Amino acid sequence: MNKHQTVFFVPLQLAFAEVKLTVTVRSPLWLNAPMTDQDQTEPRVQFGRGELLRQPQFRILLLARSISFFGDSLAPIAIPFAVLAAGGSAVDVGIVLGAGTVTNLILLLTAGVIADRMPRRLLLITSDALQGVVMTAMCVVLLTDNYSLWLLVVLQVLFGAGMALNMPAFTGILPQVVDPSHVQAANGLLSVTQSAAQIGGPAFAGILVAAGSPGIALGVDAATFFVSALLLLGLRVSTERAAEPMRFLRDLKEGWQEMTRRRWYWVSLLAHSGCNFSIGVFSVLGPVIVSGNGGATGWGLISTAGAIGSLIGGVVVMRLWLRRPIVYGNLAVVLYAPSLLLLVQPSPVWAIMIGAGVAAFAISILNGAWNSAVQQLIPEAILSRLSSYDWLISFATLPLGYTLAGPLSEAFGQSNVLVGSALLLALPCALTVLDPTIRGVRADRNGQIIKGEPIAEPVKAV
């Protein structure tokens, strides 16, 4: 799962097309830190899916994750229709879906501590098994006509707990499976498969719901979790470790201190929080505005254009060498702003399609650059804890954008909210390039990311 969410269609077969062009992006002089002799003389390593797919452990992880991505995309269609079919209201749908999200937010930091103290492979298997059991129970409830709003809420709470456990564990395990020079390509390939699942899954779920029952779709979802868990049983990581003693408050405090020591990390997180809020605004106001212009068909075309952009971004990031990965990742976010501004008039559907494609492309570049930098620069022993702060901020501000888009539009007008959201998204991310610690993060010619700035003293946890 990417920290910046884009839900668009991508044809799965294109995800594995070999890209022959190697792209190199060099920084302008004012962004450059001095290149070392090693930077200038070492041969380039070609980033490509071919080398990755020859690594058996990554193939297992990719297959398990792809199946899980597909399952993840079924429930958001099946659950709302299950609630509505049982006579529930839109408020009931929000309660059921929100129960999982709130639980996820509450438990993320705890899950980060656990993932740094226990074998991450075991946690991923446990998470998949828990989510599979929850979806099986929900399937049985719906197929036997024993619908109860509060029973679904309880099951969603359990599902949110499993999801919280999964995310920091997966962030931490990827560098244990692939070489540092392949981390960026691995993230790009995972992004492409996720983009494919996010539209192929909902379409498949819609067919199952229409032809049978939402319970059938949730049964398929449950099966994907169990298959993923079985595949992960065969995963062998390079630095698997036994469970370590855990002192929760001490470990949580240590995670906070390690995060605040890395200025490039927390400055970027603050900028990304504005990005996620604005994405939430776009996701809510976009369909509302386009409904009066192109209707559901128009929004479907816009989503498809975004899927193409996301696909291209995922494939490109597999082959892209960014000397300043965080600089260019954060600057790429600025390309999302036009998609918000195109809704102000509103523009023709074809123009919004272009904006959505560019926006999804930009988010794929950011996710690939950011995840690769984090997974290489953060020590393995604290990676899950720091990533849990990242996930927490992302998941907190995105639903905040969903929630406040409507009330803010009523208070200040849609146009003002869209312009303000575009500025909130673009300016903080653009200004991060002025920070020397962010400019100091660079990649060598072998694709390995190195840190050019000293680590600061930690900020004391309150």
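Residues numbered from 1 in each chain as written. Predicted model: local features only at pLDDT ≥ 70, side-chain atom pairs only at ≥ 80, totals over all residues. Heavy atoms only, no water.

J.: Describe the confidence of the model for the chain, listing the residues and the values that go with them.
T.: Counting all residues, the mean pLDDT for the chain is 80, and 83% of those residues have values of 70 or more. Ignoring residues within four places in sequence, the model shows residues 6-47, a span with pLDDT below 50, making 109 contacts including any to other chains. (pLDDT = per-residue confidence, 0-100. Contact = heavy atoms within 4.5 Å.)

J.: Outline the packing of aromatic side chains, listing residues and values.
T.: Counted under the stated rule, the structure contains seven aromatic pairs. With centroids separated by 5.8 Å and ring planes inclined at 40°, the aromatic side chains of Phe 70 and Phe 204 adopt a geometry described as tilted. Taken together, the positions of Phe 70 in helix α3 (residues 56-72) and Phe 204 in helix α8 (residues 183-211) put the pair 134 residues apart, joining distant regions of the chain. Owing to a relative accessible area of 32%, Phe 204 belongs among the partly exposed residues under this scheme. (Phe/Tyr/Trp six-rings, centres within 6.5 Å; stacked < 30°, edge-to-face > 60°. Helix = DSSP H or I, 4+ residues; strand = E, 2+ residues; numbered from the N terminus. Buried < 20%, exposed > 50% of the residue type's maximum accessible area, 1.4 Å probe, protein only.)

J.: Residues and numbers for a nonpolar patch on the surface, please.
T.: A surface patch of nonpolar side chains, amounting to about 550 Å² of accessible area, comprises Leu 341, Val 419, Leu 423, Leu 427, Leu 431 and Leu 434. The element contributing the most residues to the nonpolar patch is helix α17 (residues 414-431), with four residues. Tracing the sequence through the fold places Leu 427 in helix α17. Look at Leu 427 and you get partly exposed, because its relative accessible area is 47%. (Patch = residues over 30% accessible without salt bridge, like charges linked within 9 Å, V, L, I, M, F, W, Y side chains within 5 Å. Areas by Shrake-Rupley, 256 points an atom, 1.4 Å probe, with all protein chains shown as cover. Salt bridge = Lys/Arg side-chain N within 4 Å of Asp/Glu carboxyl O.)

J.: Would you mind going over the side chain of Gln 156 in detail, with residue names and values included?
T.: Secondary-structure assignment places Gln 156 in helix α7 (residues 149-177). In contact with Gln 156, not counting residues within four places along its chain, are Ile 79, Val 96, Leu 97, Ala 99, Gly 100, Met 135 and Met 138.

J.: Could you give me a rundown of α7, with the residues and numbers involved?
T.: A rise of 1.5 Å per residue sets the reference length of α7, with its 29 residues, at 42 Å; its end C-alpha atoms lie 41 Å apart and thus fit the reference within 8%. At Phe 170, α7 is bent by approximately 30°, the largest bend along its length. Counting buried residues in α7 gives 22 out of 29 residues, a clear majority hidden from the surface. (Expected span 1.5 Å × (residues − 1). Bend = angle between axes of the 7 residues up to and from the residue.)

J.: Any details on the nonpolar core? Residues and values, ideally.
T.: Judged by nonpolar contacts, the single largest core of 52 residues is most densely connected at Trp 264, Tyr 265, Trp 370 and Leu 425. Put simply, the parts of the chain that give this core at least two residues each are α11 (263-290), α13 (325-333), α14 (337-341), α15 (349-377), α16 (383-412), α17 and β3 (441-443). The element best represented in this core is α11, accounting for 13 residues. Residues within four places of Leu 425 in sequence aside, it is in contact with Gly 274, Cys 275, Ser 278, Val 333, Tyr 336, Ala 337 and Leu 340. In this structure, Leu 62, Ala 115, Leu 189 and Val 237 belong to the second largest nonpolar core, which totals 28 residues. (Core = buried A, V, L, I, M, F, W, Y, C linked by side-chain atoms within 4.5 Å.)

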